[in-house]
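Coordinate analysis (summary)
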Amino acid sequence: MPDATTMPEPPTMPESTFPRLPMRRTALLDPPAEYALLREQSAISRIALWGGNTPWLVTRHEDARAVLSDVRFSSENRREGFPGLQPTPPPPTPGQLFAMDAPDHTRLRRMLIPDFTFRRAEELRPSIQQLTDRLIDDLMAKGNAADLVEHFTLPLPLLVICELLGVPYADREFIHRNAAAFATVTDGPEAMRAGWGALFGYLMELLAAKTADPGDDLLSRLATERVATGEATAAEAAGLAVMLLIAGHETTASMLSLGVVTLLSHPTQLASLRADPELVPGAVEELLRYLTVVHIGIRRIATQDVEIGGVTVRAGEGVVVSLQAANRDPRAFADPDTFDIARDTQHHLTFSHGLHNCLGQSLARAELQIALPTLFRRLPDLRLTAPAEVSAHEGRAVHGVRTLPVTW
């Protein structure tokens, strides 16, 4: 095998012709068609990004796993050349695990692990079930029609993460408004920073209150066990809480909404799921693979020359890993564009891979495994009011729908 210095590069093209991210989906449940074309043309391709730089795009499953597990690809978004959302590096933002490398990433992530283990998620199942049933009770009390986003798919994960963190659910409108601002990539860096900043200030105040009067919640434990002992700064603890608050409800809310649409669009598989509860875990994994709601990609920068699929990525070049393209790679999944709850999806990449794999994946799985079957059991004739009117959010880092009108 030739060494990295002699590896070929794919054919070059003018920057003006590079595919531009974020690409638009033309079908609610499918990724942009361009990904399939790029995946078959070359292991990696040049793309144009929001901030004007031109990183590499990784679309194949095997290559995506390799990049995400290779420590030669850095997550530090302040490195020159990082494929960010703006031409210049963002200001330092404490607690953003997704933008850190070891040792800071390791130190801070370790503080959160006890609250996000599989065992802890299993302990929370009775509470998640109670919240699910309460929201469905409220839904049914409204009559026989409602917006499922407003009354179920958004409130449930927000209730769960608020309870876990110790954040007042009464502040939900403020929380969701600013979380949505941070997750909207088309409004520019100032809007994103404003959303993050508002939540950061809010959680700094709440952290101070928890320091004086702690409760049985994650934010109180960060205040009394980490900040008070000097293991973390208050800013780091508040930043971690912002990250958890945003990631802990945006992605699961989108998965619930799109999961409902997907299952209603596949009535035979929905009937199988209703008839056999043991199919639920596999169905949730297939929904995670099929939908892949984090659709703008995982961003890295090479710290050394690295070979990807026979192509050399030079030190200092950015890389974007498309999870949605990797999860639809026919090399990894037979007939990948078909939704099939019976398929083996153990190696899907929806929760990323390597050191930065999703901390909250066990909690997200528990919520989906409880909420979806409970909803379809209690509302057996649930259906979309106007399927053609269900439309996606535009410009969000997380794919989802604005509203989901249903009747039963």
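Residues numbered from 1 in each chain as written. Predicted model: local features only at pLDDT ≥ 70, side-chain atom pairs only at ≥ 80, totals over all residues. Heavy atoms only, no water.

1. Quick look at the sheet that holds strand β4 (residues 145-147)
The line we're drawing: Pairing between two strands is assigned when DSSP locates at least 2 bridges connecting them. Each helix corresponds to a stretch of at least 4 residues labelled H or I by DSSP, and each strand to a stretch of at least 2 residues labelled E; elements are numbered beginning at the N terminus.
Here three strands make up an open sheet; going across it, the order is β4-β10-β9 and the pairing antiparallel. In this open sheet, the two strands that pair with only one neighbour each are β4 and β9 (383-384).

2. Details of the pairing of strand β8 (residues 318-321)
Using the following cut-off: Partly exposed describes any residue whose relative accessible area lies between the buried limit of under 20% and the exposed limit of over 50%, with all areas from a 1.4 Å probe on protein chains only and scaled to the type maximum.
Residue alternation in β8 divides its side chains into two sets, Gly318 and Val320 and Val319 and Val321, and both sets are buried. Bridge analysis of strand β2 (residues 56-58) against β8 gives three bridges, and the strand direction is parallel. Along β8, the bridge assignment pairs Trp56 with Val319.

3. Brief notes about the nonpolar core
To keep it simple, the criterion reads: Note on terminology: a nonpolar core comprises buried Ala, Val, Leu, Ile, Met, Phe, Trp, Tyr and Cys residues joined through side-chain atoms within 4.5 Å. What makes two residues a contact is simply this: any of their non-hydrogen atoms within 4.5 Å.
Formed by 91 residues in total, the largest nonpolar core has its most connected members in Leu112, Leu203 and Leu404. Per-element tally for this core: the top contributor is helix α11 (residues 234-264), with 16 residues. Once you skip the residues sitting within four places of it in the chain, Leu404 turns out to touch Ala146, Asp147, Leu148, Val149, Ser257, Val260, Val261, Leu384 and Val390. Among the nonpolar cores identified, the runner-up in size contains 18 residues, and Ile44, Ala302, Ile308 and Val319 belong to it.

4. Observations concerning the side chain of Thr292
Selection criterion: As used in this structure description, the phrase polar contact means that two N or O atoms lie within 3.5 Å; if the pair is within protein, one of them must be able to donate a hydrogen and the other to accept it, and residues adjacent in sequence are counted only when both atoms belong to side chains.
Among the structural elements, Thr292 can be located in the loop between α13 (280-291) and β5 (298-302). Its relative accessible area of 1% is what places Thr292 among the buried residues. Side-chain polar atoms of Thr292 contact the backbone oxygen of Arg289, separated by 2.7 Å. Not counting residues within four places of it along the chain, the set of residues in contact with Thr292 comprises Arg25, Leu287, Leu323, Gln324, Asn327 and Thr350.

5. Topic: helix α7 (residues 155-165)
The element α7 is largely enclosed, with a buried count of 10 among its 11 residues. The complete set of buried residues in α7 reads Pro155, Leu156, Pro157, Leu158, Leu159, Val160, Ile161, Cys162, Leu164 and Leu165. Taken from the residues just after α7, Gly166 is the one with a positive phi, measuring 90 degrees.

6. Notes on the environment of Lys210
Along the chain, Lys210 falls in helix α9 (residues 189-212). Given the relative accessible area of 13%, Lys210 is considered buried. Separated by 3.0 Å, the side chains of Lys210 and Asp217 make a polar contact.

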